[in-house]
Amino acid sequence: MAGAVDYVVKAGDYLARELPEKIDRALQQWQLKRAVARAESRYRSIFDEASDGILVCDTNGVVLEANQHACRWLQLERPALVGQRIHDLEQPLHPLVRAEVAERLERAGEAVYEAWFRRADGTSFPVEVSVQRVVHTEQSLLQYFVRDTTQRKQIEEQQQARQREVSALGQLTAAINRSLELPEVLEAALNELLAALQVDCGAIYIERDNGLYLSAAHGFSAEFRGSAARYPQAADAVATAAALPDPMLPWLAAEQVQAALAEPLAAPSGPVGVLLLGDRRRKTFSADESNFVRVTCDRIAGAVENARLLQRLQASVEATRTAQAQLMQAARLSAIGQMAAGVAHQ
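Here is what the cut-offs are and how they apply
- Residues numbered from 1 in each chain as written.
- Predicted model: local features only at pLDDT ≥ 70, side-chain atom pairs only at ≥ 80, totals over all residues.
- Heavy atoms only, no water.
- Phe/Tyr/Trp six-rings, centres within 6.5 Å; stacked < 30°, edge-to-face > 60°.
- Buried < 20%, exposed > 50% of the residue type's maximum accessible area, 1.4 Å probe, protein only.
- Helix = DSSP H or I, 4+ residues; strand = E, 2+ residues; numbered from the N terminus.
- Contact = heavy atoms within 4.5 Å.
- Core = buried A, V, L, I, M, F, W, Y, C linked by side-chain atoms within 4.5 Å.
- Expected span 1.5 Å × (residues − 1).
- Pairing = 2+ DSSP bridges.
- Axes fitted to C-alpha atoms, helices over the stretch in contact; angles between N-to-C directions.

**Some details on the packing of aromatic side chains**
Stage number 1. Going through the model one piece at a time under the given rule, you end up with four aromatic pairs.
Stage number 2. For the pair F220 and F224, a centre-to-centre distance of 4.0 Å together with 20° between the ring planes defines the contact as stacked.
Stage number 3. A relative accessible area of 2% places F224 in the buried class.
Stage number 4. Site record: aromatic cluster; members linked through ring pairs are W73, F117 and F125.

Below is the structure:
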């Protein structure tokens, strides 16, 4: 009977004191696990929805985790990306740059550098990489934040192109103001235009003797200069042509030109020539580049017309001088004749 009483007493103590404590501990553990699960879910959501690509690597650069942006940019599913080396995903850095990044990472625990990452299809895109050394559960990791800078690079390239164009127009204007000698102006204009657009070759044809003849050329072979010495189209037809004339196409193909652009030189008095540009690397000229070429052609056409006006003026002055000399010679001969007649009369 006493044992039964002791059992009941102990059971009562357990129910009254120990059971609630165990329930509380179990409840706390459940709440803690739930909180951890929610935190992990929030972290995964932030991790995947971050605007930058994020790669978590071990100290050897092996990818342990990647967010959705990184997977999408690299065109790889997460299982395929995990296990790859970070250095295999980016184009090789210059040894000095890689050494500098490693030194900053060792000294400050973080580093920022620019690189190019490779997609699964073999194409590349520019990125800005920020890498930090972090410690997670007593394990040292490297966390890479990768930002696609394609749009920023495009804007920078456009700004640089505009700066080159402004500089080219300034240099062309200076050349026109410095000299009215047509060959010098054409050479300067072509040099500045090729430098501004960063294209391989160009030529300027000037109208004379009812045809367009090569007057300046850079980047073309001697064979092209010989074959294309005369432009295979009339000056007034260039302005309305939808494409390059047929004879010009095989000549450019022989020069390995991938993209070509022909623009008329139109002065107020009418067409005075044509500008031809070619490049061996690109496929097309952009609309902005075409607009810049048109503006430049207006300057060149004005310079051609001014040079021709100068030539006509010089020819007129020379003709006047010749006429004056002839009149003076005639007057001298007349005076001599009169003197001779007077002497004979006497």
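Read on for the rest.
**Section: the side chain of E90**
Stage number 1. For E90, the location among the structural elements is in the loop between α4 (86-89) and α5 (95-108).
Stage number 2. Residues in contact with E90, not counting those within four places in the same chain, are R98, Y113, A115, W116, F117 and R118.

**Description of the nonpolar core**
Stage number 1. If you look at the biggest cluster of nonpolar residues, it comprises 30 residues, and the most contacted ones within it are L186, I204, L265, L275, L277 and I300.
Stage number 2. Contributing elements (two or more residues each) for this core: α6 (150-178), α7 (182-197), β6 (201-208), β8 (259-267), β9 (270-279) and α11 (287-345).
Stage number 3. Here the element with the most residues in this core is α7; it accounts for eight residues.
Stage number 4. Not counting the four nearest positions on each side in its chain, L277 is found in contact with L193, L194, L197, C201, G202, A259, A260, L261, F285 and V293.
Stage number 5. In terms of nonpolar packing, the next biggest core, distinct from the first, is built from 25 residues, L105, A111, V127 and Y144 among them.

**Quick word on α5**
Stage number 1. Taking 1.5 Å per residue as the helical rise, α5 with its 14 residues ought to reach 20 Å, and the 20 Å between its terminal C-alpha atoms agrees with that figure.
Stage number 2. Backbone geometry just after α5 places G109 at a positive phi near 80°.

**Topic: the sheet that holds β9**
Stage number 1. Taken in spatial order, the four strands line up as β7-β6-β9-β8 in an open sheet, and their pairing is antiparallel. Looking at the sheet topology across the chains shown, the edges are occupied by β7 (211-218) and β8. Strand-to-strand twist across the sheet, computed as the mean angle between neighbouring axes with direction ignored, equals 20°.
Stage number 2. Sheet topology note: the β6/β7 ladder contains seven bridges and is antiparallel. Bridge pairing links R208 to G211 in β7.
Stage number 3. Docked against the sheet, α7 engages β6, β7 and β9, running at close to 60° with respect to β7.

The values reported here are purely geometric and, on their own, carry no functional implication.
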